[in-house]
Amino acid sequence: MEKITGAQALMKSLLREGVDTIFGYPGGAIMPVYDALYDYKDSVRHVLVRHEQGAAHAAEGYSRLAGKPGVCMVTSGPGATNLVTGIADAMCDSIPIVCITGQVTGEALGTDAFQEAPIIGIVTPVTKWCYQITNAAEIPHIVAKAFHIATSGRKGPVLIDITKDAQFELCEYDDSIQTVMLKSKHDPYYQKKLKRAAALLNNAKRPYVLFGHGIALSKAESELAQFIEKGGFPAASTLLGLSSLPKSHQLYVGMLGMHGNYGPNKLTNKADVILAIGMRFDDRVTGKISAYAPQAKIIHVDIDYAELDKVIPAEVAIHADAKEFLAQLTPFIKSKNHSAWIGRFRKYDEEERKVVADAELYPKSGEIRMAEVVRLVSEKTKGRAVIVADVGQHQMVAARYYGFETPDSYITSGGLGTMGFALPASVGAKIAGPSREVIAIIGDGSFQMTLQELGTIMQEKLSIKIIILNNRHLGMVRQWQEMFFEERYSFVHMENPNFNKIADAYSIPNELVQDRRTLSPALERMLSAKGSYLLDVMVRRDENVFPMIASGAGVDEIRLT
């Protein structure tokens, strides 16, 4: 059998796994792999990011649209540690990414050699699995194992650290390598639980379906729609569940959570049976746990056994894949119409519209509102664009007011809440979905954390539309300081640079929007542009996002003002 270097074995192993794109940044300890990559330029697209954190976020954005792991590759030391935020973000949101880091030579390990960092010890708590390769012969098996772990069960990030000498070392490459994994044991009571869940839902007077990111990850969108349509069940989404069910669907009742819709939160504590599927009862959804749905029988379905009964005790806890479960449950569900129950949601919708939404969506005077920008974008794209949102007030406004109509249309950082996520994630999303309109909605604070990725967009000639909702503040922190810290605005005002000149420097067409009369035409020009485009939109400085559940309050204590 022909002998090749470890670096060549890595490239062959990645091709075997179907890798077509790598987001990376070269350096000394990964240089042998980059040398091998030079011979695969026609097979693998390498995207040179401007910061290693951007590589991890780009891999996340790619994974969300491609439906397979995104791959990022960096050098040792600071290159590896700069990935950690993106890895932790992927872990929180169950995003499969494969991270490859270079490492100092085996003989230098533990000597504090130049650019040595104990990356395995650092990322162990925030990866599904990580492994350090010191022998080139391990590479084919370890790569196969990494991709399997990243994509099986509850998806997530994995990391392979490869010493520099292992990259140079010769080894025999076996293309027929097979990695056999132990499968989780099947729940012997699964069928009994399935029928129990069906019985509870069939007999419920006020049934309620809560769905999360697990629907998108298991590609269960059609199964979810068929299930709720047969049972006539109202369905509400978590932040990461958005777009798995069209907002226009007659049974969709809104978004859960701290800045979710009024009705879905208020009526959580009125439901008698709740089916929670592909969601983990995050604290932003539950509010005060002791006050969460005390009257309801909970059916909790999750691919991660550890999530069951972890936060909210379940009447029926089912360890299952969302797609498989819904397909098996639906035949047991009776066709019903819960119109009176759904009508209660619609009454709350009307109250929210009168008190909150109308003023935000259709202001007649004053400064531009974030919501009216999102509304116009939604109308002009007919709810079919991919919205990549950063973290903060603009994230919640985009979630609330964009009319998602197609799956995989809302990409954001959920569990970790990573500012700086959107710009690099939009790079990965656009490469994975070149035919889709990708729009990054970013706050002025978040934008400045990773704005260097404009260089990646320029070099790759990507068509990404960027909207900065610029309120000259760290808006979400400012809102909390106003509401809960007696208006003691501690270091939240931002003196920003001229974002338009920055965009000019990266050869990205751009506009500054300060007047409501120019907003719609500017959005039209942005959307009709063939390449990337940046709009810096000056919005109201002291705008707050409502409804809101205060920290420590119950979901039914949600406030409209």
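Small disclaimer: the values here were computed from a predicted structure and weren't measured. (Residues numbered from 1 in each chain as written. Predicted model: local features only at pLDDT ≥ 70, side-chain atom pairs only at ≥ 80, totals over all residues. Heavy atoms only, no water.)

Draft legend 1. View of the pairing of strand S17 (residues 438-443). Taking burial as the measure, the 6 residues of S17 include 6 buried ones, the bulk of the element. The two faces of S17 match: Val438, Ala440 and Ile442 on one face and Ile439, Ile441 and Gly443 on the other face are all buried. Relative to S17, strand S15 (residues 386-389) runs parallel, the two sharing 4 bridges. Bridge pairing in S17 places Ile387 opposite Ile439. (Buried < 20%, exposed > 50% of the residue type's maximum accessible area, 1.4 Å probe, protein only. Helix = DSSP H or I, 4+ residues; strand = E, 2+ residues; numbered from the N terminus. Pairing = 2+ DSSP bridges.)

Draft legend 2. Molecular detail of the packing of aromatic side chains. Under the defined criterion, the tally for this structure stands at 12 aromatic pairs. Between Tyr262 and Tyr348 the ring centres are 5.3 Å apart and the planes differ by 85°, which places this aromatic pair in the edge-to-face class. Here the residue Tyr262 occupies a position in helix H12 (residues 262-266), and Tyr348 occupies one in helix H15 (residues 339-361), the gap between them amounting to 86 residues. Judged by its relative accessible area of 9%, Tyr262 is buried. Here the aromatic cluster, defined as three or more aromatic residues joined through ring pairs, consists of Tyr208, Trp341 and Phe345. Directly above the ring of Tyr38 sits Lys41, whose terminal nitrogen or CZ lies 3.8 Å from the centroid. (Phe/Tyr/Trp six-rings, centres within 6.5 Å; stacked < 30°, edge-to-face > 60°. Lys NZ or Arg CZ within 6 Å of the ring centre and 35° of its normal.)

Draft legend 3. Representation of helix H18 (residues 422-432) in the model. Most of H18 sits out of view: 10 of its 11 residues are buried. Taken residue by residue, H18 has Ala422, Leu423, Pro424, Ala425, Ser426, Val427, Gly428, Ala429, Lys430 and Ile431 as its buried positions.

Draft legend 4. View of the sheet that holds strand S5 (residues 97-103). Strand order across the open sheet formed by 6 strands is S3-S2-S4-S5-S7-S6, with parallel pairing between neighbours. One side of each edge strand has no neighbouring strand; the edge strands of this open sheet are strand S3 (45-48) and strand S6 (129-133). With direction set aside, neighbouring strand axes in the sheet form an average angle of 20°. Across 5 bridges, strand S4 (residues 70-74) lies against S5 in parallel orientation. If you follow Gly70 over to S5, its bridge partner there is Ile97. Contacting strand S2 (21-25), S4 and S5, helix H3 (residues 52-66) crosses the sheet at an angle of about 165° to S4. In the packing of helix H7 (residues 139-151) onto the sheet, contacts are made with S4, S5, S6 and strand S7 (158-163), and the angle to S6 comes to roughly 170°. (Axes fitted to C-alpha atoms, helices over the stretch in contact; angles between N-to-C directions. Contact = heavy atoms within 4.5 Å.)

Draft legend 5. Spotlight on the nonpolar core. Within the largest apolar cluster, 107 residues are counted, with the highest numbers of intra-cluster contacts made by Phe227, Ile299, Phe325, Leu329 and Val537. Residue assignment places this core across two domains, with domain 2 (190-345) and domain 3 (367-538) each supplying three or more. Each residue touching Val537, except ones within four places of it in the same chain, is listed here: Ile368, Val373, Ile467, Ile468, Leu469, Asn470, Val513 and Leu519. One finds Cys99, Val438, Ile466 and Ile468 within the second-largest nonpolar core, a separate group that totals 48 residues. (Core = buried A, V, L, I, M, F, W, Y, C linked by side-chain atoms within 4.5 Å. Domains from an automatic or database assignment.)

Draft legend 6. Representation of the packing of helix H9 (residues 190-203) against helix H14 (residues 322-329) within the structure. Packing of H9 against H14 leaves a shortest axis separation of 10 Å and a crossing angle of 65°. The crossing of H9 and H14 is right-handed. On the side of H9, the interface is formed by Tyr190, Leu194, Ala197, Ala198 and Leu201, while H14 contributes Phe325, Gln328 and Leu329. Residues of the contact of H9 with H14, tallied by class, amount to 7 nonpolar, 1 polar and no charged. (Left-handed = near helix turned anticlockwise from the far one by under 90°. Nonpolar A, V, L, I, M, F, W, Y, C, P; charged D, E, K, R; others polar.)

Draft legend 7. A look at the domain arrangement of the protein chain. When the domains of the protein chain are assigned, the result is domain 1 (3-172), domain 2 (190-345) and domain 3 (367-538). A straight line from the C-alpha centre of domain 2 to that of domain 3 covers 31 Å. Residue-level contacts link 17 residues of domain 2 with 20 residues of domain 3. Ranking the residues of domain 2 by area buried against domain 3 places Ser243, Lys247 and His259 at the top, with a combined share of 40%. Here domain 2 and domain 3 share 1 salt bridge between them. (Buried area = accessible area lost by both parts, 1.4 Å probe. Salt bridge = Lys/Arg side-chain N within 4 Å of Asp/Glu carboxyl O.)

Draft legend 8. Spatial organisation of the sheet that holds strand S14 (residues 316-319). An order of S11-S10-S9-S12-S13-S14 is seen for the 6 strands of this open sheet, with the pairing classed as parallel. The open sheet terminates on both sides in strands that have one partner only, identified here as strand S11 (252-255) and S14. If you compare each strand with its neighbour and ignore which way they point, the axes differ by 15° on average. Of the strand pairs in this sheet, strand S12 (residues 273-277) and strand S13 (residues 297-302) are connected by 5 bridges, and their pairing is parallel. Residue pairing for S13: Leu275 is matched across the bridge by Ile299. Most of the contacts of H9 go to S14, to which it runs at about 130°, and overall it touches strand S9 (207-211), S12, S13 and S14. In this fold H15 packs onto S9 and S11, with an angle of close to 45° to the strand it touches most, S11.

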